[in-house]
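# Secondary and tertiary structure notes
So you can see what is in the structure, the chains are spelled out below.
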Amino acid sequence: MQTESSISTGATETERAEICRLALRLVHKAAPSVRKGDFAAVRSAYRDVADSVASARDLFGIHLVRHALDTACTLCSSVSPDRSMIAAILLMPLLRLNLLKPEESGDIWGSDVATLLRGLDKVTRLYSRNTSVESENFRNLLLTFAEDIRVIIIMIVERCVLMRSINHHPDQEHVLEVAHEARNLYAPLAHRLGLYKIKSELEDLSLKYTNREIYTRIARKLNETKAGRDAYIAAFIDPVKRELERAGLKFDIKGRTKSISSIWNKIQKQNNDLEHIYDLFAIRVILDVPPERERSECWLVYSIVTDMYQPNPARLKDWLSIPKSNGYESLHITVQGPDGRWVEVQIRSRRMDEIAEKGVAAHWKYKGIKSENNLDTWINHVREILEGAESGPIELMKEFKTDVYSKEVFVFTPKGDLFRLPLGATVLDFAFNIHSKIGCTCTGAKVNGRTRRINHRLQSGDTVEIMTSANQAPKADWLSFVTTSKARSKIRQSLKERDSRAAELGRELLQRRCKNRKVEIDEAALMRVIKKLGFKTVTEFYNEIAAERLDPAQVIATHEELERRDAEPQEVRSADEFIMPAVTEETASDDVLVIGDNIKGVNYRMSRCCNPIYGDRVFGFVSSEGVIKIHRCDCPNAANIRSRYPYRVINTRWSGRSGNQFAATLHVVGHDDIGIITNITSIINKESTATLRSIAIDSHDGMFSGHLTVGVADVASLTNLIKKIRTVKGVKDVQRNL
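Not measured: the values here are computed from a predicted model.

## Things to note about the overall build of the protein
In terms of helices and strands, the protein carries 30 helices and 20 strands. Every one of the 738 residues in the protein was classed for burial, and the buried ones make up 47%. A sequence separation of at least 24 residues applies to 67% of the contacts in the protein between residues at least 6 apart. Surface summary for the protein: the accessible area is close to 37,900 Å², and the carbon and sulfur share equals 48%.

Next up, the structure:
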């Protein structure tokens, strides 16, 4: 590669030697992936800025060029990267020093390298935020910023190389920060992508830096017993191997010791010591067998092993009969080997092993690492590409973008807290997401240091500082641009509370004016006034008064007008004043009642004991005053009248049509809730065929009962009105009085 002369200037003697060694190693490892002239282009890029790069180091004092070369070599060993990934890593020091822009690299290296550098740049800038990398939101934002899955792979490998380099570094606080980050962010991502070796190394190094005493104790114990452990595994495997060969099986068998971090996790989980961890030793038997004989031969191996060693039935895990939901198939048994030590044996076919190690049944799934469904689907798709690519998996990954969270935005507070919001969320959505009070008083925000309005749409990575004012209050037009349900519900709630306060003020203003004018308006009369003035709801009526758009004097004047109209004398039909007109079909149909043998124009009156209305079955009764009183056939007095005065009973029926209103009394019972009477009277006033004539209500112990007198045209109208009153929340029963 011969770039050491231009990029090692300014480094220590040891670093220069290490840079030369890594450069030669990279030339050898990357040869199948890079093009002719690529290394010369890298050398040229560094030569132009040699002075700036010479002493460039990261926060740990590690030379940036040495770190980049080490990362590229490790990547070649672990992933078999493409040309763009190698180039992006080698150019990363220039990017970090602001000596190269991602878009500038596209002219020489192509758009693919520019895409990777842009993703690496955005991810690197993300770390400058003062936020917790352990949060789910940070991981999601990292995936969003990366744009390309290869950026995530590079970051995982880079973090592993960094972890190797900071052992015994004096800045322990920073070391611990990187260790927690590796444990909680990069190790799970490595596991999901099938980078198992790197995942285990990240976890082991994280434990080493965060709890060196535990790490050292376990490592020392394993080193002390390594020879004996290897001998023990060989002693366990040899007789099993002979029996399996005697049975004619084709197989591979291997033993392993778990990683230090895995052993420590089991010690904590089982509350045990190192000597009593069941599966400290793990033996895996992998059978080369056709799919149709997989299960039978796995159980044959199970029989052979358990005949030789005593099994622990409580530790049997049968994922052959019923595979896991993620497709994982295997048979796990724990047996007591020589010297009474417990050993876990995993039995599976070659196909099962491929799925478990590389396929959709990734190891992280059945170890219970938390995940999200959409991310799981995405990672599984990534792994399918990695497994099935004939032209090279990394080549296909170029077209695969990390858009799993493309429908969300991730936003920072000035303190570094990270929030997740739906795509299209505004400053106001963010304010309500923090706290309802902040949302209600929000006047705008500083987004990345620039003042923005409350309807400004946010983007991932924005830093938002909300601005508030005590004079600010929610407005109805806010509902037109907020996207979150929390913001919508809080705005509606605030508007409703404001309307209620305004309505109460309007009520007080009207009551005060009525008191000054010495006018009394009962609730029923007020409902008539509200309807007369054209308001749909009582709240709307009172809000208009509170806003001074409706003068209480106009309300009082309307009430007095209606009172005068009701007080005007009505035409009374009497027999003395009535001149019988010639009976025609037309005049007969104009009269409401047909009494006796079509007698019309007589003086009659509706009985108050039962208040008959048009449509009821009725009869006439000649009273002692000579007036015919009309009773309902189901009147409480009907039986007595018919038995004592049958000669005074006259057959009566309704004529063909009704043009009058009849009084009917309703008995209503319900919970004494706020506004329930208003709701009932509002329903009556909305009916075109009904009017409220009087109301009397009594309440006790949270319940109310009362009588409503309404004017209706006929029985059908009354029945319909009763049904509607029964739908009012809090009403228990409505009955027509006899």
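Let's pick the thread back up.
## Section: helix 13 (residues 212–224)
In this model helix 13 runs 18 Å from its N-terminal to its C-terminal C-alpha over 13 residues, within 8% of the 18 Å that 1.5 Å per residue would give. Every buried residue of helix 13 is listed here: I214, Y215, I218, A219 and L222. Considered in projection along helix 13, the buried side chains sweep an arc of 120° and stay on one side of the axis. Exposed side chains of helix 13 directed beyond 90 degrees from the buried face belong to E213, N223 and E224.

## So, the packing of aromatic side chains
Tallied over the full model, the rule gives 8 aromatic pairs. When the ring of F541 is compared with that of Y542, the centres are 5.1 Å apart and the planes differ by 55°; the resulting orientation is tilted. Each member of the pair, F541 as well as Y542, carries the same accessibility label: buried. Here Y614 and W654 contribute two aromatic rings whose centre-to-centre distance is 5.2 Å and whose plane-to-plane angle is 50°, an arrangement assigned as tilted. Taken together, the residues Y614 in the loop between strand 13 (604–606) and strand 14 (618–622) and W654 in strand 16 (residues 649–654) connect sequence positions 40 residues apart. Using a relative accessible area of 12% as the deciding quantity, one classes W654 as buried. One aromatic cluster is present, built from ring pairs that chain together F535, F541 and Y542. The ring of Y232 has R341 sitting right over it, with the charged end atom 4.9 Å from the ring centre. Here R642 stacks its cationic end above the ring of F619, 4.3 Å away from the centre of that ring.

## A look at the sheet that holds strand 11 (residues 464–468)
Sheet architecture is open: 3 strands sit in the order 10-9-11, paired in antiparallel fashion. The sheet is open, and its two edges are formed by strand 10 (450–452) and strand 11, each paired on a single side. Each adjacent strand pair in this sheet contributes to an overall mean axis angle of 30°, direction not counted. As paired elements, strand 9 (residues 442–447) and strand 11 share 5 bridges and run antiparallel to each other. Note on strand 11: the bridge partner recorded for C442 is T468. Here helix 21 (residues 427–434) sits on the sheet and contacts strand 9 and strand 11; the angle it forms with strand 9, its principal contact strand, is near 105°.

## Some details on the confidence of the model for the protein
Segments scoring low in pLDDT should not have their predicted coordinates read at a detailed level. In the predicted model, the protein carries a mean pLDDT of 78, and 81% of its residues have values of at least 70. Mean pLDDT in the protein bottoms out at helix 18 (residues 363–366), which sits at 34, and peaks at helix 16 (residues 294–308), which reaches 93. Within the model, the stretch residues 358–376 combines pLDDT values under 50 with 53 contacts to residues more than four positions away or in other chains.

## Regarding the nonpolar core
Core analysis: the biggest nonpolar cluster contains 64 residues, and L26, L69, L90, I156, M163, I166 and L202 have the highest contact counts within it. Only helix 2 (13–30), helix 3 (38–48), helix 5 (64–78), helix 6 (83–96), helix 8 (111–126), helix 10 (149–165), helix 11 (172–192) and helix 12 (196–210) provide two or more residues apiece to this core. No other element matches the 11 residues that helix 10 contributes to this core. In this structure, F704, L718, I722 and V734 belong to the second largest nonpolar core, which totals 32 residues.

## So, the sheet that holds strand 18 (residues 690–700)
A sheet is described by the order of its strands in space; here 4 strands give the open sequence 18-19-17-20, paired in antiparallel fashion. Here the strands that pair on one side only, and so sit at the sheet edges, are strand 18 and strand 20 (731–736). Here the strands of the sheet are splayed against their neighbours by 20° on average, with no regard to which way each runs. Inspection of the sheet shows strand 18 paired to strand 19 (residues 703–712) by 10 bridges, in the antiparallel sense. From the neighbouring strand, D698 faces strand 19, where its bridge partner is S705. Sheet strands in contact with helix 29 (residues 676–686) are strand 17 (662–671), strand 18, strand 19 and strand 20, and its direction is about 165° off that of strand 18.

## Digging into the pattern of salt bridges
What the rule picks out here adds up to 19 salt bridges. Measuring nitrogen to oxygen at the nearest pair gives 2.5 Å for the salt bridge that ties R21 to E18. One end of the pair, R21, and the other, E18, are both in helix 2, 3 residues apart, so they sit about a helical turn from each other. Of the residues examined, E18 reaches a relative accessible area of 23% and is grouped as partly exposed. For the salt bridge of D288 with R350, the shortest nitrogen-to-oxygen distance reads 2.8 Å. One end of the pair, D288, is in the loop between strand 2 (281–287) and helix 16; the other, R350, is in helix 17 (residues 350–358), with 62 residues separating them in the sequence. According to the relative accessible area criterion, D288 is partly exposed, its value standing at 37%.

## Some points on helix 23 (residues 485–517)
In this model, helix 23 (33 residues) spans 48 Å end to end at C-alpha, consistent with the 48 Å of a helix rising 1.5 Å per residue. Among all positions in helix 23, only A487, I491, S494, L495, A503, G506, L510 and C514 are buried. K518, located one to two residues past helix 23, shows a positive phi value of around 55°.

## Notes on a negative patch on the surface
Taken together, the side chains of E520, D522, E523, E560 and E563 define an acidic patch exposed on the protein surface. Its relative accessible area of 76% is what places E520 among the exposed residues.

## Describing unusual backbone geometry
Even without a glycine there, the phi angle at K518 is positive, about 55°. Owing to a relative accessible area of 78%, K518 belongs among the exposed residues under this scheme. One non-glycine residue, N611, lies in the positive phi region at around 45°. Examined against the element boundaries, N611 turns out to sit in the loop between strand 13 and strand 14. Residue class for N611 comes out partly exposed when judged on its relative accessible area of 21%.

## Some details on the environment of D616
Tracing the backbone shows D616 in the loop between strand 13 and strand 14. When its relative accessible area of 12% is taken as the criterion, D616 is described as buried. Sequence separation between D616 and H631 is 15 residues, and the spatial gap between their C-alpha atoms is 9.3 Å. With sequence-adjacent residues up to four places away left out, D616 is seen in contact with N611, R632, W654, V715 and R736. Of the polar contacts made by the side chain of D616, one reaches the backbone nitrogen of I613; its length is 2.9 Å. Polar contacts involving the side chain of D616 include one to the side chain of R736, which spans 2.7 Å.

Calculation notes
Residues numbered from 1 in each chain as written. Predicted model: local features only at pLDDT ≥ 70, side-chain atom pairs only at ≥ 80, totals over all residues. Heavy atoms only, no water. Helix = DSSP H or I, 4+ residues; strand = E, 2+ residues; numbered from the N terminus. Buried < 20%, exposed > 50% of the residue type's maximum accessible area, 1.4 Å probe, protein only. Contact = heavy atoms within 4.5 Å. Areas by Shrake-Rupley, 256 points an atom, 1.4 Å probe, with all protein chains shown as cover. Expected span 1.5 Å × (residues − 1). Arc of directions from axis to C-beta. Phe/Tyr/Trp six-rings, centres within 6.5 Å; stacked < 30°, edge-to-face > 60°. Lys NZ or Arg CZ within 6 Å of the ring centre and 35° of its normal. Pairing = 2+ DSSP bridges. Axes fitted to C-alpha atoms, helices over the stretch in contact; angles between N-to-C directions. pLDDT = per-residue confidence, 0-100. Core = buried A, V, L, I, M, F, W, Y, C linked by side-chain atoms within 4.5 Å. Salt bridge = Lys/Arg side-chain N within 4 Å of Asp/Glu carboxyl O. Patch = residues over 30% accessible without salt bridge, like charges linked within 9 Å, V, L, I, M, F, W, Y side chains within 5 Å. Lys, Arg positive; Asp, Glu negative; His and termini not counted. Charge placed at Lys NZ, Arg CZ, Asp CG, Glu CD. Polar contact = N/O pair within 3.5 Å; in protein donor to acceptor, adjacent residues only side chain to side chain.

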